[in-house]
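Working through the structure, step by step
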Amino acid sequence: GVGLALCRRLLEEDGRIHLCIACRNAQKSEATRDLILATHPAAQVSTVEVDLGSLASVLRVARELRCRFQRLDFVYLNAGIMPNPHVNFKALWHGLLTGKVLHMLTTAEGIMTQTDRLNGDGLQEVFATNLFGHFILIRQLESLLCSNEKPSRLIWTSSSNARESAFSLSDYQHAKGQESYSSSKYATDLTSVVLNRKFNKQGLYSSVVCPGLVMSNMTYRILPVFLWKLLMPIMWLIRFFAKTYTLTPYNGAEAHVWLFKQKPEYLDVLVKYHSCTSGLGKSYVEPRKIDVDEETAEKFYQKLLELEKQALERYSDLLD
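Computed from a prediction, not measured in an experiment: that's the story for all the values here.

**Section: the pattern of salt bridges**
Overall, the coordinates contain 17 salt bridges when judged by the stated rule. Arg9 is the salt-bridge partner of Glu254, the closest N and O atoms lying 2.9 Å from each other. Of the two residues, Glu254 sits in helix H12 (residues 254-260) while Arg9 sits in helix H1 (residues 2-13), which places them 245 residues apart along the sequence. Both residues of the pair, Glu254 and Arg9, belong to the buried class. A salt bridge links Lys261 to Glu13, with the shortest nitrogen-to-oxygen separation between them at 3.7 Å. Of the two residues, Lys261 sits in the loop between H12 and strand S8 (271-277) while Glu13 sits in helix H1, which places them 248 residues apart along the sequence. Taking the relative accessible area as the measure of exposure, Lys261 reaches 48% and is therefore partly exposed. By relative accessible area, Glu13 is classed as partly exposed at 37%.

Okay, structure coming up:
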């Protein structure tokens, strides 16, 4: 998906970088590393095994990374799940009749639902994997990210599906709704905004990107593969009207790579950077204001800190 395409594109920008790729199992990590080395045989590529949906796994990998590295320049927070996705065809038909179908097709608003569940830590699985695991990881890696000679960067993969209407401070894990993916991505936007307020003075900067609609393993689970193949010509046509239909992982990584080349102190912390592709296939980046309330972001951050405290008490044996 976007992660593999990003690794290849970063090496095209600078072959001197050391990539450390993180996957849920060692076999996948090594397979991904082999794919990268096949096109960039001289690259420095190492691997770590981590399941962002498991707090114990996150704490173990953070300790391993602290032993391996003295600093981290970039952390791409790209892991994400969308379990049991369902398309609401009734809502889609209504959108067609009311003229809102293009908006719905580009944001999935009102037409995508998920059935979430609790994970082994007693957290909602989507919240834990898409946001909280990343949050714990960067908190555990602060010594490698802050107060270095050069700024360090956090780049979160958000979504155009990140909507305030799907998020609630009183149910920030989204246990009661059916749009857990949208909620987790809005929570990502909130978190990035607050992290900038807390850590910019220590040389740590956070940004959010949207890769657009990319055909990946996650996307193919929404509908049967044969149906996607039938729809693909239509999707190529839609791209003339919906620039966020990036479709390929290479195009989807456009904003991630663009941020790699920017000076973070000049970026707007209230902007999300969208990967876009024109109807003729030209990729570019479009900045759009994030629809977040900074007071809500601060309150949510405090809830994350409270949840972090509970988690660290439970797994105190994994801390240094």
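**Observations concerning helix H2 (residues 26-39)**
The terminal C-alpha atoms of H2 lie 21 Å apart, and with 14 residues this matches the ideal 20 Å at 1.5 Å per residue to within 8%. Turning to H2, its buried residues are Ser29, Thr32, Ile36 and Leu37. In a view along the axis of H2, the buried residues occupy a sector of 135 degrees, so they form one face of it. Residues of H2 that are exposed and point over 90 degrees away from its buried face: Gln27 and Ala38. Contacts from the buried residues of H2 go to H1, strand S1 (18-23) and strand S2 (44-49).

**Thoughts on the packing of helix H6 (residues 125-140) against helix H13 (residues 294-314)**
The interhelical angle for the contact between H6 and H13, taken along N-to-C directions, is 75 degrees, at an axis separation of 11 Å. Comparing their axes, H13 and H6 come out roughly perpendicular. Here Phe127, Leu131, Phe132, Phe135, Ile136, Arg139 and Gln140 of H6 come into contact with H13, specifically with Phe300, Tyr301, Leu304, Leu305, Leu307, Glu308 and Leu312. A per-class count over the contact of H6 with H13 returns 11 nonpolar, 1 polar and 2 charged.

**Describing the side chain of Ser158**
Counting through the fold element by element, Ser158 comes out in the loop between strand S6 (152-157) and helix H8 (180-199). Its relative accessible area of 1% is what places Ser158 among the buried residues. A polar side-chain atom of Ser158 sits 3.1 Å from a polar atom in the side chain of Lys272. In contact with Ser158, not counting residues within four places along its chain, are Lys185, Thr188, Asp189, Val208, Val209, Cys210, Pro211 and Lys272.

**Quick notes on the sheet that holds S8**
If you trace the 5 strands from one edge of the open sheet to the other, you get S3-S6-S7-S8-S9, paired in mixed fashion. Each having just a single partner strand, strand S3 (74-77) and strand S9 (283-289) make up the two edges of the open sheet. On average, each strand axis in the sheet is tilted by 25 degrees relative to the strand beside it, whichever way the strands run. As paired elements, S8 and S9 share 7 bridges and run antiparallel to each other. Counted as the bridge partner of Cys276 is Tyr284 from S9. Contacts from H6 reach S3 and S6, with the element oriented near 175 degrees to S6. Sitting on the sheet, H8 touches S6, strand S7 (204-210) and S8, and the angle it makes with S7 is about 160 degrees.

Quick notes on the rules
Counting starts from 1 at the beginning of each chain's written sequence and moves along it residue by residue. Since the coordinates come from a predicted model, pLDDT governs what is reported: local features require at least 70, and pairs of side-chain atoms require 80 or more to be given and counted, while whole-chain, interface and lining totals use all residues. The side-chain quantities take in all heavy atoms of the structure and omit both hydrogens and water. The salt bridge definition used is simple: a Lys or Arg side-chain nitrogen within 4 Å of an Asp or Glu carboxyl oxygen. The helix and strand labels rest on DSSP assignments: H or I over at least four residues marks a helix, E over at least two residues marks a strand, and numbering proceeds from the N terminus. Exposure is judged per residue with a 1.4 Å probe applied to protein chains only, and the accessible area is read against the type maximum: over 50% gives exposed, under 20% gives buried, and values in between give partly exposed. A helix is expected to span 1.5 Å for every residue after the first. Each C-beta atom gives one direction from the helix axis, and the arc is the one those directions make. For this analysis, residues touch if any pair of their heavy atoms sits within 4.5 Å. In this description, a line fitted to the C-alpha atoms serves as the axis of each element, helices being fitted only across the stretch in contact, and the angle between N-to-C directions of two axes falls anywhere from 0 to 180 degrees. Any angle that falls under 35 degrees is termed roughly parallel, while one over 145 is termed roughly antiparallel, one within 65 to 115 roughly perpendicular, and all others oblique. In this classification, the charged set is Asp, Glu, Lys and Arg, the nonpolar set is Ala, Val, Leu, Ile, Met, Phe, Trp, Tyr, Cys and Pro, and all remaining amino acids, among them Gly, are polar. Each polar contact in these results corresponds to two N or O atoms within 3.5 Å; when the atoms are within protein, one needs to be able to donate a hydrogen and the other to accept it, and residues that are neighboring in sequence are counted only if both atoms are side-chain atoms. For two strands to be treated as a pair, DSSP must find no fewer than two bridges joining them.

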